[in-house]
Amino acid sequence: MSDTFEEYDLFVIGAGMAGTTAANRCAAQGWRVGIVDALPYGGTCALRGCDPKKILRRGAEVIDAAHLMQGKGISQNELTLDWAALMRHKRGFTDGVPQSMEDELLRNGVSTFHGAAHFTGPHHLEINGVQHQAKRFLIATGARPRPLDFPGHEHLIDSTDFLNLEELPGRIVFVGGGFVSFEFAHIAARAGVDCVIIDHGMRPLRAFDPNLVDLLVQRSEQAEIRVNRSTTGLQVTVEKHGITTVINTDLVVHGAGRVPNIDGLNLAAANIAWGPKGIDVFDHLQSRSNPSVFAAAGDAADTPGERLTPIAVFEGKVAASNMLKGTTTVPDYAGVPTTVFTIPELNRVGMLEHEAGRDGREIAVRYNDTSSWYANYRVGEAVAATKVIIDTATDQILGAHLLGPGYSEVINIFGLAIKLGLTTRQLKSATATYPSVGSDLGSML
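These numbers come from a predicted model, not from an experiment.

## Observations concerning the pairing of strand S2 (residues 33-37)
Then, number 1: Taking burial as the measure, the 5 residues of S2 include 5 buried ones, the bulk of the element.
Then, number 2: Residues Val 33, Ile 35 and Asp 37 line one face of S2 and the alternating positions Gly 34 and Val 36 line the opposite face, and both faces are buried.
Then, number 3: With 4 bridges connecting them, strand S1 (residues 10-13) and S2 associate as parallel partners. Residue pairing for S2: Phe 11 is matched across the bridge by Gly 34.
Then, number 4: Between S1 and its parallel partner S2, the chain crosses via helix H1 (residues 17-28), and the hand of that crossover is right-handed.

Below is the structure:
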């Protein structure tokens, strides 16, 4: 903890991946940098999201893999998921993150602070009753669960609470049809929990290819996860097509989206404009209303990028570079893939089919049911498919959508192809190691 109150060249609010990336870069160039967070250093991804979630998913993967191979050489016998032991394994990773990240910042000369921060003026920030002054600020406070307004919402737990459950109840209802609900339900179901997902819309996971989402819903139901669409109300009581159903449950988890975590910053005191999607910024991440708030990166900013950790990281890098060099470089969001880590995982990069065809392009859609392909036959997975959208005039890939085990690695190749403008002919010319999941890429085209 720093005791000095001199003026900083940069003060970062939020010690997640975007904030720490920018802080370290600017400090390495000799800037006097401060950083503050009310929560342990590390941010959502490392402590309350991507990383711990995928550690827990590994236990579910093993259970599911054994189930798929039952009668094919594997006997499940008494194979079960030990939730308490799996949580200890998760904490073996997460417990050391905050100190490790703070130690790195300190080694780089960054002054670290802990507590809630809010603006008191265009160049002043208050932390725990103490005023700090800076020439520039970076707001990288991430996102928080979307506020809910229906009766009984106070009884729900959020994603952070779920990732810290010491034991699982027998029944869980997940509210919302997004990443959180599907990923957590796929974990909990493999631990023997009776899982229900309720979604207000007709189609969950709306950012993903609808054909593959339908397949994932079918696969979810095979794993005994009930997916209720077009529902309203809660008790847990759901109404669908005028018919009311009561769902008996032991726990309800909030998976109905997230919003920028900026409410407590007193942005008005610093003349910082914002909206429902976050801080109002130019394309190069500088605040439109207060030039000293040079950039806002990650989930707290209203940018074209998806709310993903890799995007927060490179937005943090771009913000730091623009501040250091006085430039107006715009982040390149092309070719960034995203994955729903269900079992199997659902992936997307680039355009959806309707997006690619709406501006007059001539497109080819290559759809494959890959459930019988060797890579999926080998592991016993019977639900897998791919859809690749190609611009026929340029032979370049406009979008790729993959549902299947191991496809979260393959989608990275499609992302690189989109970013570099590679053609399908160039991709097909590559010789992959065989038999690997990646060796199927040519056939997907």
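## Here's the deal with the pattern of salt bridges
Then, number 1: Under the definition given, this model contains 19 salt bridges.
Then, number 2: Ionic pairing is found between Asp 332 and Lys 419, a salt bridge with its closest N-O pair at 3.0 Å. A residue pair is termed long-range when its members are at least 10 positions apart, and Asp 332 in the loop between helix H9 (309-325) and strand S19 (338-340) and Lys 419 in helix H12 (residues 407-420) qualify at 87 residues.
Then, number 3: Notably, a salt bridge pairs Asp 391 with Arg 361, separated by 3.8 Å at the nearest N-O pair. In this pair, Asp 391 sits in strand S22 (residues 385-391) while Arg 361 sits in the loop between helix H10 (353-357) and strand S21 (363-369), placing the two residues 30 residues apart along the sequence.
Then, number 4: Judged by relative accessible area, Asp 391 falls into the buried class, the value being 10%.
Then, number 5: Among the ionic contacts, a cluster of salt bridges with common partners joins Arg 57, Arg 58, Glu 61 and Glu 345.

Calculation criteria
- Residues numbered from 1 in each chain as written.
- Predicted model: local features only at pLDDT ≥ 70, side-chain atom pairs only at ≥ 80, totals over all residues.
- Heavy atoms only, no water.
- Buried < 20%, exposed > 50% of the residue type's maximum accessible area, 1.4 Å probe, protein only.
- Helix = DSSP H or I, 4+ residues; strand = E, 2+ residues; numbered from the N terminus.
- Pairing = 2+ DSSP bridges.
- Right-handed = clockwise from strand over helix to strand, strands pointing away.
- Salt bridge = Lys/Arg side-chain N within 4 Å of Asp/Glu carboxyl O.

Any link to function would need more than the numbers given here.
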